[in-house]
Amino acid sequence: MNDLTIKQKEILNVAIDLFYEKGYVETTIRVIADAMNLKPSSIYVHINSKEQIMEWLCDDIEKRFNINLESFDDESLSLKDKFLKFIENHIFQTIYNYKQYEVYYFRNFKMRRALNEGYEEKDKYHRNLAIYIMKLKEICYRYLAELPVRSDVNLEITTGLFVSTSLNMYRWFPIETLGVNISAITIHDYLLNGILEK
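Bear in mind that the values here come from a model prediction, so they are computed numbers and not experimental data.

Thoughts on the overall build of the chain
Moving on, step 1. Helix and strand counts for the chain stand at eleven helices and zero strands.
Moving on, step 2. Along the chain, helices and strands appear, N-terminal first, in the series α-α-α-α-α-α-α-α-α-α-α.
Moving on, step 3. Expressed as a percentage of its 198 residues, the buried residues of the chain come to 42%.
Moving on, step 4. Considering only contacts in the chain between residues 6 or more positions apart, those separated by 24 or more positions represent 65%.
Moving on, step 5. Summed over all atoms, the accessible surface of the chain reaches about 11,300 Å², with 51% contributed by carbon and sulfur.

A short note on the packing of aromatic side chains
Moving on, step 1. Taken as a whole and assessed by the stated rule, the structure comprises ten aromatic pairs.
Moving on, step 2. Measuring from centroid to centroid gives 5.9 Å for Phe-65 and Tyr-104, while their planes differ by 75°, and the two rings are edge-to-face. In this pair, Phe-65 is assigned in helix α4 (residues 50–72) and Tyr-104 in helix α6 (residues 98–115), connecting sequence segments 39 residues apart. When sorted by exposure, Phe-65 lands in the same class as Tyr-104, which is buried.
Moving on, step 3. A connected cluster of aromatic rings, assembled from ring pairs, spans Phe-65, Tyr-101, Tyr-104, Tyr-105 and Tyr-132.
Moving on, step 4. Over the ring of Tyr-24 we find Lys-50; its NZ or CZ atom is 4.2 Å from the centre of that ring.

Concerning unusual backbone geometry
In most cases, non-glycine residues show a negative phi, while peptide bonds are predominantly trans.
Moving on, step 1. The backbone of Asn-37 sits at a positive phi, close to 55°, despite the residue not being glycine.
Moving on, step 2. Tracing the backbone shows Asn-37 in the loop between α2 (29–35) and α3 (40–43).
Moving on, step 3. Asn-37 gets classed as exposed once you look at its relative accessible area, which sits at 71%.

Some points on helix α5 (residues 79–96)
Moving on, step 1. An ideal rise of 1.5 Å per residue puts 26 Å on 18 residues; α5 measures up with 25 Å between its terminal C-alpha atoms.
Moving on, step 2. Taken as a whole, α5 carries its principal kink of about 25° at Ile-87.
Moving on, step 3. Leu-79, Lys-82, Phe-83, Leu-84, Phe-86, Ile-87, His-90, Ile-91, Phe-92, Thr-94 and Ile-95 are the residues of α5 that are buried.

Criteria and cut-off values
- Residues numbered from 1 in each chain as written.
- Predicted model: local features only at pLDDT ≥ 70, side-chain atom pairs only at ≥ 80, totals over all residues.
- Heavy atoms only, no water.
- Helix = DSSP H or I, 4+ residues; strand = E, 2+ residues; numbered from the N terminus.
- Buried < 20%, exposed > 50% of the residue type's maximum accessible area, 1.4 Å probe, protein only.
- Contact = heavy atoms within 4.5 Å.
- Areas by Shrake-Rupley, 256 points an atom, 1.4 Å probe, with all protein chains shown as cover.
- Phe/Tyr/Trp six-rings, centres within 6.5 Å; stacked < 30°, edge-to-face > 60°.
- Lys NZ or Arg CZ within 6 Å of the ring centre and 35° of its normal.
- Expected span 1.5 Å × (residues − 1).
- Bend = angle between axes of the 7 residues up to and from the residue.

Honestly, that's just the spatial picture; any functional story needs more than this.
Following this line, the structure appears as structure tokens:
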């Protein structure tokens, strides 16, 4: 969001709250303007459309995803360090910005239903999210395969659960529950508890 003006960032932040509370469809430019005590025409001085606001939101999240992808490809990091980087970059980002991520994921869910088959090819955000999740699964699987997991643990199922939990943790554990001082290694240990040999 560094390339947005101060007023555009203000509009985006207000829109995120409204998209989260009311839904994207129900949040019109007039609703955004009313929340900011402005006339709709004043909003259009800074944006082209409501769709542009959603693009700003999605592009910002994708930049954060790209930071994670860079750490996944950093060969100087061990698999554990890559996973800890993921926790720091993704889980904390989603917990601190849960409204933005919820709007992003719900937008993708609605688009997937609207586009039906081939939605990943038709929509760049779906395509990039699919790449991100695939890379995350690869890192998780390779990391878990290095660990002394119990013999009855299915790594593919465990990897899927790991990834699903990581992607959705912000829904279940708000920052007020986890505490602002919780560390990446603590979350790492929580996720692994129960699958390692004692």
